[in-house]
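Read off the chains here:
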Amino acid sequence: MQKLIDRIRELLADGTVARVLGWRTGDLPYNPEPAYFECEEELQDFVYNGFCGANLSKYMIEASRLEGKTLVCLKPCDTYSFNQLLKEHRVDREKAYIIGVGCKGKLDIEKIKKQGIKGIESISGAEIEEAAESLTIQTIYGEKTCAYKDAMLERCHVCKGKEHQIYDELIGDSSDTTDADRFAQVRRIEAMSPQEKFAFFQNELSKCIRCNACRNVCPACSCRKCVFDSTKFDSSQKANADSFEEKMFHIIRAFHVAGRCTDCGECSRVCPQGIPLHLFNRKFIKDINELYGEYQAGEDITADTPLTHFTFGDAEPSIVGERG
Amino acid sequence: MSIEKNEEFRPKIVAFCCNWCSYAGADLAGSSRLTYPADVKIIRVPCSCRVNPMFILRAFEKGADGVIMCGCHPGDCHYSTGNYYARRRMTLLFSMLDFIGVENGRTRVEWVSAAEGVKFSATMNEFVEKIYSLGKNVRLEDLRCRS
Amino acid sequence: MYKIAREKMPQLYRRIAENKELYLPLEIGGQANFAVWEEGDTAALDVLKTVKSPKDAFFPQSENLYTCKRDGKKLSIEPQALKEQEFVVFGMKACDLQGVQVLDKVFLADPVDSFYAARREHGTIVALACHEPEETCFCKVFGIDCADPAADVACWMIADELFWKPLTGKGEALTAQVCDLLTEAEGAEETVEAEKENIRRIVEKLPYMHLSLDGWNADAQKEKFDSPLWEELYKPCLACGTCTFVCPTCQCYDIKDYDTGHGVMRYRCWDSCMYSDFTMMAHGNNRTSQMQRFRQRFMHKLVYFPANNNGCYSCVGCGRCVEKCPASLNIVKVIKKFSEEKAAGGEQQ
């Protein structure tokens, strides 16, 4: 991290960038927040560790409107989102100075707490320098340990790889943390009977509190005004008034980002109710891959997007029933 | 709120028909005295491409038991390519509905040209039959819309 | 004071549920939330904080107000019936309890909200002391003692026994209903006192418990409102409603109409000051930037509310927003930032 901070300091001092978009140390061992740093003094609070899971590329939409360049720290998977935003002309490449930061998997405090670890005072092993196998957690109820892998965010188990897709320079090493099949869960659900599928999603979606965190954090949800926020729209965008509304919101949201979603996993990370929202996105990605050819949003910004293109020989919608 | 035994189930079916082919096909079916059940309510759209995924969900919300979309045959779109986009969209949407447990038979896409009055009537008869066998839609309706 | 063994708790639930609705923390899809208990459900009483606060039991996220129906040329209006069913909320914590008291100040003050009042009248609260408070808790800052919740019935879970102490008439009535399941606990006062001491010792060790609310009062309204700190603090905010929807004291709601196709249903649902259409009026919106919305939330909790309610803050330190904010922002960081700034300002002078 020192190397990163030194380089940032340099770029800020020589005027290459006007501000830095990174993470500020939290007041607990696990809650750093996305933050702007505009002078050397403020950089004291800069941090980059295993809990810096937030994808900063969406903040670049706002930052693109500011005077001068913004230095932004992007992890390998965040660069896919940045690329996608670039493709959609939502961010200005000229306004960004991208430092590709190393990533060896990010941590999920919920997963740590789920193991019964509470009253956390400090956590060691989350620093980015060494590749720690396990975390040592000091709590007021005694010392606890937790394997790094067991505390990783869901998305890190299906890592898109250690390569940054876009950057001005790279600092730090990354590693591919894949240890699961990206579509395994989707396949398991596809194999269920309609009753089981319905029961599964009803159970998950009934937890939705309509906080809109999934939408607001999503780099693909970059509309200035969301259709669900329209006052003329006959929908209760903030009320869980009926089970239909939840399905409507989540299906339509996933549909609106279909073909543009890079599977960055932010929606599932932020959901206060732990709804596996990535399943909707992955279902669309899986279908697109199977029906229209392999496609990874944010990888190649010149490629045709699946929903704005077609071929004459596309599958008919009846394939949904036929393939069983 | 169960359906009483002696009350016969009458499905509500919404058919989105494109102005240029399928709506004309429905017209032809009518003027040719071909029959199809009155349970089918047609909504005319300028092009099958106009059908927003939200239309399909809204129809289910307000109590439809099945939704069918009809457009020009691929290659015959009045706007050249509209139905190609619609085809991809509907494939993905129907696949998603299937994924969350809405029976696949409740959604359908059929290409009907202005000359295919027979096909229109046959398709609708078949679809209504299918919905009869599936019964009432309870997985994707808004309970508040029940009277 | 009474007690009951942990393994007999399902019997207790069953007995209560015989003639009352019983709200318990239940784990659904891996998340604990208050919900109506049904036979076979396992209560998640060991969970310190449910995701949502139990305020739903008194002030549900969405509730119908009335329904208009059209029949030919006739229109009929059917008001929603008030709650008449007795219910019990079991396992509320001291902070949630204080949260209900904050809601009382809003909904039971003139003009009384009849929907809320009916729920308060028919609800009995069985509160549970916090056995192992966590690092995100800061209830003590607001003068709440999580070791000794003052509800209709106060409970302590010690080892494998639940100690039960009725404190009000409603609590006594509930106790009478379940008395044959409870046993008179001889000398339990001492055990409970020891547990209370134990909890209070833990509280002293928690990092947020010593937060200072110095300077958060009505007199500081203008100074706080005009502070340049907000401009910096709000930046990571995503403008989602997580903090407001998990909060036990947020009480803002919106009233909307739903077109059922054959009538109109007027309902109200929680609103969030973080949303762009919050307090939207015909002329537009009076808070047009996210900074203003963000400021509103904290000013309301720490300045406006106490100014109108004899110094009672509308934050209870449950720490749910601390845990759930997607951008790791929270009220504690806001309070700390203002304190730091004040200390720095003091040094300069």
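Residues numbered from 1 in each chain as written. Chains lettered and ligands numbered in written order. Predicted model: local features only at pLDDT ≥ 70, side-chain atom pairs only at ≥ 80, totals over all residues.

Visitor: Run through the overall build of chain C, naming residues and quoting values.
Guide: When helices and strands are tallied, chain C shows eleven helices and twelve strands. For a compact globule of 349 residues, the expected C-alpha radius of gyration is about 20 Å, and chain C comes in at 22 Å, within 12% of that figure. Across its three principal axes, chain C shows a C-alpha extent of roughly 75 × 60 × 40 Å. Counting across all 349 residues of chain C, residues that qualify as buried make up 43%. (Helix = DSSP H or I, 4+ residues; strand = E, 2+ residues; numbered from the N terminus. Rg over C-alpha atoms; globule rule 2.2 N^0.38 Å. Buried ≥ 20, exposed ≤ 12 C-beta atoms within 10 Å, placed from the backbone.)

Visitor: Mind laying out the environment of A:K69, listing which residues take part and the relevant values?
Guide: Residues and elements named next belong to chain A. Positionally, K69 belongs in the loop between α2 (59-63) and β3 (70-74). Between the alpha carbons of K69 and Y97 there is a distance of 6.5 Å; along the sequence they are 28 residues apart. Every residue in contact with K69, bar those within four places of it in the chain, is listed here: T16, V17, A18, K95, A96 and Y97. (Contact = placed C-beta atoms within 7 Å.)

Visitor: An account of the sheet that holds strand β5 (residues 120-124) of chain A is needed here, citing residue identities and associated values.
Guide: By definition, the strands of a sheet pair up through backbone hydrogen bonds, in either a parallel or an antiparallel sense. Residue and element names in this part refer to chain A. Spatially, the three strands line up as an open sheet ordered β5-β6-β7, and their pairing is antiparallel. Since the sheet does not close on itself, it has two edges, and those belong to β5 and β7 (142-147), each with one partner. Each strand axis lies, on average, 25° off the axis of its neighbour in the sheet, ignoring direction. When strand β6 (residues 134-139) meets β7, the two strands line up antiparallel, connected through six bridges. Within β7, the residue paired with S134 across the bridge is A147. (Pairing = 2+ DSSP bridges. Axes fitted to C-alpha atoms, helices over the stretch in contact; angles between N-to-C directions.)

Visitor: Help me get a handle on the interface of chain C and chain A, residues and values and all.
Guide: Facing the 43 residues of chain C at the interface are 36 residues of chain A. Looking at the side of chain C that touches chain A, the elements that each hand over two or more residues are α5 (188-205), α8 (242-246), β11 (253-259), β12 (263-270) and α11 (331-348) of chain C. If one sorts the elements of the side of chain C that touches chain A by residue count, β11(C) sits on top with four residues. For the side of chain C that touches chain A, the per-class residue count stands at 19 nonpolar, ten polar and 14 charged. (Nonpolar A, V, L, I, M, F, W, Y, C, P; charged D, E, K, R; others polar.)

Visitor: Can you break down the nonpolar core residue by residue, with the values?
Guide: Counting residues in each nonpolar core, the largest one holds 222 residues, and the members touching the most others are C:V89, C:A127 and C:C155. Setting aside chain neighbours within four positions, we find C:C155 in contact with C:V126, C:A127, C:L128, C:A129, C:L162, C:F163 and C:W164. Core analysis: the second largest hydrophobic core is formed by five residues, A:A239, C:Y258, C:M265 and C:Y267 among them. (Core = buried A, V, L, I, M, F, W, Y, C linked by C-beta atoms within 7 Å.)

Visitor: Account for the sheet that holds strand β2 (residues 40-45) of chain B, with residues named and values stated.
Guide: Residues and elements named next belong to chain B. Spatially, four strands are ordered β2-β1-β3-β4 in an open sheet, and the strand pairing comes out parallel. Since the sheet does not close on itself, it has two edges, and those belong to β2 and β4 (107-111), each with one partner. Direction aside, neighbouring strands of the sheet carry axes that sit 20° apart on average. Across five bridges, strand β1 (residues 13-18) lies against strand β3 (residues 66-71) in parallel orientation. By the bridge assignment for β3, V14 is matched with V67. Here helix α1 (residues 22-31) sits on the sheet and contacts β1, β2 and β3; the angle it forms with β1, its principal contact strand, is near 115°.

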